[in-house]
Amino acid sequence: MNRDFQIIQLQINECSLKALPNRQRNQLIACMHAHNELAVLNRLLMFSCNDVGVGELHDHAQGVQMWCIMQVLTGKLFETWNVLNERFLKSNPTDPAIVALSEDHKQNLAWLTDYFSSKDTALRIIRDKSAFHYDKQLNLDEAAADVSECERRVYLAQHPANGLYYLGSSLVFRTVFAMVADKVGGTSAMSQIERMQKGVAIALADVQEVNVHLHAVLYGLISAALAKPEGAPLAETHQLRIPVVDAPPPGMVALPMFLDIGD
């Protein structure tokens, strides 16, 4: 069922924004921009999980589309953490914005510090092996030795937007997600396909949890900067309520697999 709700519009005071020291203004803008990027990519990931057709072609296109969005989102999660680390956490003494975080937000930050410091997490494996580059040392031997008939397919189209080289993505993602499952353990009796399926479930769960903690910390930093109790508030007191009518739940929105591009 679709829903109606309201969005609160705040107006940022021009003089207060200009009066911010460069460091604080850059921190605020970086956090806002990172939040927007994560919100967009998370919506795309949710939509990519919803079916739009039936048959192997649609299954293959949907799988590749979902996997690709997940790996881009994974890379962006790491880049967002790098923003927090470089612009806030490396400060000595501790950055005032970190000191001002609530205890709940500090716990979220501690969880993130622990997660991103580990070398063996699902998202680090995806980031290092396929998020923004193609690891030439990725060993595809196991996947290639057991490649199925349907995985050995490519789909050609008049426009490249509708083409799909399923073989390329299927071997890469089967290898990467199997690696994710192997890091957790308990996979010795599993086939690579079963390990891949377990790895996908682990990665999606990690994406969800990292998102929760990252958005909480970003909200804490942004809300404190907007309030700015030590000086003039950035956000003016007047609020505008904008109605959003008939908003669909995520399960009702799907990304198309193929497009009529035209001549």
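Residues numbered from 1 in each chain as written. Predicted model: local features only at pLDDT ≥ 70, side-chain atom pairs only at ≥ 80, totals over all residues. Heavy atoms only, no water.

S.K.: Tell me what's going on with the overall build of the protein, and back it up with residues and numbers.
M.R.: From N to C terminus, the protein includes nine helices and two strands. The linear arrangement of helices and strands in the protein, starting from the amino end, is β-α-α-α-α-α-α-α-α-α-β. The dimensions of the protein, computed from C-alpha atoms along their principal axes, are 65 × 45 × 35 Å. Residues counted as buried form 37% of the 263 residues belonging to the protein. Taking all contacts inside the protein whose residues are at least 6 apart in sequence as the whole, residues at least 24 apart take part in 76%. Accessible surface, the protein: about 15300 Å² in total, of which carbon and sulfur atoms supply 56%. (Helix = DSSP H or I, 4+ residues; strand = E, 2+ residues; numbered from the N terminus. Buried < 20%, exposed > 50% of the residue type's maximum accessible area, 1.4 Å probe, protein only. Contact = heavy atoms within 4.5 Å. Areas by Shrake-Rupley, 256 points an atom, 1.4 Å probe, with all protein chains shown as cover.)

S.K.: Please give an account of the environment of L77 that cites residues and values.
M.R.: Counting through the fold element by element, L77 comes out in helix α3 (residues 56-89). C-alpha of L77 to C-alpha of L109: the two residues are 32 residues apart in sequence and 14 Å apart in space. Among all residues touching L77, those that are not within four sequence positions of it are L38, F116, L123, V210, N211 and L214.

S.K.: Outline the packing of aromatic side chains, supporting the account with residue identities and numerical values.
M.R.: Taken as a whole and judged by the stated rule, the model has seven aromatic pairs. Taking 6.5 Å as the distance between ring centres and 50° as the angle between the ring planes, the aromatic pair formed by W67 and F177 counts as tilted. Of this pair, W67 sits in helix α3 while F177 is found in helix α8 (residues 166-184), placing the two residues 110 residues apart along the sequence. Here the two residues W67 and F177 agree in accessibility, since each one is buried. (Phe/Tyr/Trp six-rings, centres within 6.5 Å; stacked < 30°, edge-to-face > 60°.)

S.K.: Could you give me a rundown of the environment of P243, with the residues and numbers involved?
M.R.: By the element assignment, P243 lies in strand β2 (residues 235-247). Through-space distance from the C-alpha of P243 to that of F5 is 5.9 Å; in sequence the pair is 238 residues apart.

S.K.: I'd like to hear about the packing of α3 against helix α5 (residues 103-117), residue by residue, with values.
M.R.: Packing of α3 against α5 leaves a shortest axis separation of 12 Å and a crossing angle of 115°. Of the possible angle classes, the one that applies to α3 and α5 is roughly perpendicular. The interaxial crossing formed by α3 with α5 has left-handed handedness. Together, L77, F78, W81 and L89 of α3 and L109, L112, T113 and F116 of α5 make up the contact between the two elements. Of the residues that constitute the contact of α3 with α5, the class distribution is seven nonpolar, one polar and no charged. (Axes fitted to C-alpha atoms, helices over the stretch in contact; angles between N-to-C directions. Parallel < 35°, antiparallel > 145°, perpendicular 65-115°, else oblique. Left-handed = near helix turned anticlockwise from the far one by under 90°. Nonpolar A, V, L, I, M, F, W, Y, C, P; charged D, E, K, R; others polar.)

S.K.: Help me get a handle on the environment of I125, residues and values and all.
M.R.: Following the sequence through the fold, I125 ends up in helix α6 (residues 122-131). On the basis of relative accessible area, I125 is assigned to the buried category, the value being 7%. In sequence terms I125 and I242 are 117 residues apart; their C-alpha atoms lie 41 Å from each other. Discounting chain neighbours no more than four positions away, the residues touching I125 are D120, V176, M179, V180 and K183.

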